[in-house]
Amino acid sequence: MSVAELEAFFRKAFPDVAEEQHARIDAIEPGRVRLTLPKAALALRPGGIVSGPTQMGLADRAAYAVILAHIGPVAMAVTSNLNFSFLRAVEAKAVHADAVLLKLGRRLATVDVRLWQDSEAVVLAQASVTYAIPA
């Protein structure tokens, strides 16, 4: 799927999410997707840092995006496992997610997702996400 096709799919699949709350798809490459969650979409916790559920949601969306970019618009592909490591505080500004497809099987797909802000080299959080793909 192209960036435009994937963004249209997400808007249709999640109609209750306001436009400014959607993560922007910056790039799709073979085996990779990069998303950016804008500052307007961030839910903050005390101390002004991005909440854990917001970070996990971005990682899950990035994993879903990289899988769909490779298999097409399969709405019922669902998260079956998400392991998440919070490595550093995430500041109240745009957050990037790089998703790398580790394995794409007939029934399961495994994705590595890394969140960052100012530099790709400084990973703020890392997730290993597995999706179940329907027959």
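Right above here is the structure, for reference.
Analysis parameters
Residues numbered from 1 in each chain as written. Predicted model: local features only at pLDDT ≥ 70, side-chain atom pairs only at ≥ 80, totals over all residues. Heavy atoms only, no water. Phe/Tyr/Trp six-rings, centres within 6.5 Å; stacked < 30°, edge-to-face > 60°. Helix = DSSP H or I, 4+ residues; strand = E, 2+ residues; numbered from the N terminus. Buried < 20%, exposed > 50% of the residue type's maximum accessible area, 1.4 Å probe, protein only. Lys NZ or Arg CZ within 6 Å of the ring centre and 35° of its normal.

A short note on the packing of aromatic side chains
Taken as a whole and judged by the stated rule, the model has 6 aromatic pairs. Seen from their ring centres, Y64 and Y131 are 5.4 Å apart, and the 10° between their planes marks the pair as stacked. Of this pair, Y64 sits in helix 2 (residues 52–71) while Y131 is found in strand 8 (residues 125–132), placing the two residues 67 residues apart along the sequence. Seen from their ring centres, F84 and F86 are 4.6 Å apart, and the 50° between their planes marks the pair as tilted. Relative accessible area serves as the criterion here: at 17%, F84 is assigned to the buried category. Classification of F86 as partly exposed rests on a relative accessible area of 48%. Linked through ring pairs, F9, F10, F14, Y64 and Y131 together constitute an aromatic cluster. Here R61 stacks its cationic end above the ring of F10, 4.3 Å away from the centre of that ring.

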